[in-house]
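The chain contents come next:
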Amino acid sequence: MLDMLVVGGGYVGLSVAVAVKQAAPHLDIAVIEAAPDHVWKKDMRASAIIAAATKMLEVFGIWDEIEPEAQPINKMIVTDSRMSDPVRPIFLTFDGEVADGRPFAHMIPNVAMVGALRGLCERLGIEIRHGLSATGLKTGDTSIEVSLSDGSTQQSRLLVACDGVRSTLRDFAGIKTVTWDYGQSGIVTTVEHERPHHGCAEEHFLPSGPFAILPLRNNRSSLVWTERTNDANRLVAADDLVFEEELERRFGHKLGALKVVGAKRAFPLGLTLARSFVAPRFALAGDAAHGIHPISGQGLNLGFKDVAALAETIVEADRLGLDIGAINILERYQSWRRFDTFRMGVTTDVLNRLFSNDTAPIRIARDFGLGIVDRLPGLKSFFIGQAAGTTARDNPRLLSGQTI
Ligand SMILES: Cc1cc2nc3c(=O)[nH]c(=O)nc-3n(C[C@H](O)[C@H](O)[C@H](O)COP(=O)(O)OP(=O)(O)OC[C@H]3O[C@@H](n4cnc5c(N)ncnc54)[C@H](O)[C@@H]3O)c2cc1C
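Residues numbered from 1 in each chain as written. Predicted model: local features only at pLDDT ≥ 70, side-chain atom pairs only at ≥ 80, totals over all residues. Heavy atoms only, no water.

### Observations concerning the site of the ligand
Near the ligand, the surroundings consist of 28 residues, among which Glu 33, Ala 48, Asp 287, Leu 300 and Asn 301 are the closest. Between the ligand and Ala 48 there is a distance of 2.9 Å, counted from an oxygen atom to a backbone nitrogen or oxygen. At a separation of 3.5 Å, a nitrogen atom of the ligand approaches a polar backbone atom of Gly 299. Across the complex, the protein chains shield 82% of the 1000 Å² of accessible surface that the ligand would expose by itself. (Near = heavy atom within 4 Å. Polar contact = N/O pair within 3.5 Å; in protein donor to acceptor, adjacent residues only side chain to side chain. Areas by Shrake-Rupley, 256 points an atom, 1.4 Å probe, with all protein chains shown as cover.)

### Quick word on the side chain of Asp 3
Looking at where Asp 3 falls in the secondary structure, it is placed in strand E1 (residues 2-7). A relative accessible area of 13% means that Asp 3 is categorised as buried. Within the structure, Asp 3 has its side chain in polar contact with the side chain of Arg 157 (distance 2.8 Å). For Asp 3, the contacting residues outside a window of four places in its chain are His 26, Leu 27, Asp 28, Ser 156, Arg 157, Leu 158 and Ile 324. (Helix = DSSP H or I, 4+ residues; strand = E, 2+ residues; numbered from the N terminus. Buried < 20%, exposed > 50% of the residue type's maximum accessible area, 1.4 Å probe, protein only. Contact = heavy atoms within 4.5 Å.)

### Description of the nonpolar core
Core analysis: the largest hydrophobic core is formed by 79 residues, its most contacted members being Met 4, Phe 60, Met 113, Val 160 and Phe 282. Setting aside its immediate chain neighbours within four residues, Met 4 contacts Val 16, Ala 17, Val 20, Asp 28, Ile 29, Ala 30, Ser 156, Leu 158, Val 160 and Ile 314. One finds Val 191, Leu 206, Ala 232 and Phe 243 within the second-largest nonpolar core, a separate group that totals 15 residues. (Core = buried A, V, L, I, M, F, W, Y, C linked by side-chain atoms within 4.5 Å.)

### Describing the pairing of strand E13 (residues 153-161)
Counting buried positions along E13 gives 7 out of 9 residues, so the element sits mostly inside the fold. Of the strand pairs in this sheet, E1 and E13 are connected by 5 bridges, and their pairing is parallel. Looking across to E13, one finds that Val 7 is bridged to Ala 161. Pairing analysis gives 4 bridges linking strand E12 (residues 144-148) to E13, with the strands arranged antiparallel. Bridging across to E13, Ile 144 finds its partner in Ser 156. In terms of strand pairing, E13 meets strand E21 (residues 282-284) through 3 bridges, oriented parallel. (Pairing = 2+ DSSP bridges.)

### A closer look at the environment of Trp 63
By the element assignment, Trp 63 lies in helix H3 (residues 63-66). In this view, Trp 63 contacts Thr 54, Leu 57, Glu 58, Ala 70, His 106 and Ile 108; residues no more than four positions away in its chain are not counted.

Have a look at this one:
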């Protein structure tokens, strides 16, 4: 029997396995991942990772390996505009401001982050079983039993479900969600441009949704381009020439000639909040607990905060000789994380509704709000601290750069 079984070997699943094992090496931990081993290497996307989360990667000891691939975001520009506007008025700038002596975020290629986490799992002796899905659950008094797609079963004292926003484990555990679809999809791709971006990220609030340009190393940028779902699917299926022309209308010519160099993919966007994060011997983390709109690039960062809070809860319980799968222990994790998650879910929902429309009074009100934030240094640094995740009072130890 295992002490902890993690289902889902994405960034959140791998991180929770590593965080617990580093602090409590005697615990027997394994990860089950549905995709075959080579699939993660094909992920061409990158994620904006906030300063607090990079502190956790430092504690893991893998930041030095990731940093050469990571592009610091030194500056951020926010505009509220229509595509027909000849000049996009800038309402908010985070110019060179850093939190805690570091950039408030980095753009990290997913492959670099997952590769480093996988290497660390290997060094710590955490087995990752590939090409296996969890197909059922049975909860007992002292253990939980997971049925696997190869017909075998695995017993564990605790199961952590990190199987993404469409979590089947969440369904097996009987946990309901609050869910809605935005009718929007986020097109993700990578572009190469002639001129350097100088670490500047841009978010343009266009009527169909936010259009984000996020800097990568070597004159490249990652795009998260929100459109109504039908339009997004049409654009992704379109010829490269049509796609690049539509892209240029939104991107502008500031960085010179553009070339799409990554695969184009559209991700349907919705809000999914689990009504409970825990059940006896069972905990949800990452997108399995909360899938939010990428408008503020916080989805994975929320997942990393789950990782740090859950690992701290489990390790402290273990040190006190308590049962790590007991519901009263897991409820501590739930009360730590549920409010923050709910608040972020609602904030991204409101932001998306506020900005993804072109109604004149709403435009005036939101531009007035952005203008105020830009002109008041105290308010601005408050928002930067919030965005970097460094000022939260409830930060778990790993997100403050401390070991558990
Ligand atoms: C367009 C877009 C842009 C985004 N940009 C950002 C950003 O810049 N910054 C940020 O912080 N967040 C961003 N996000 C959110 C971020 O991608 C997610 O929050 C993150 O991927 C969640 O990680 P996870 O490990 O919880 O889930 P996932 O990455 O979905 O991983 C789940 C894993 O579980 C496996 N799995 C599923 N079912 C089973 C099963 N039954 N058995 C075994 N394994 C299973 C899957 O194969 C997968 O590997 C963005 C999201 C979108 C859609």
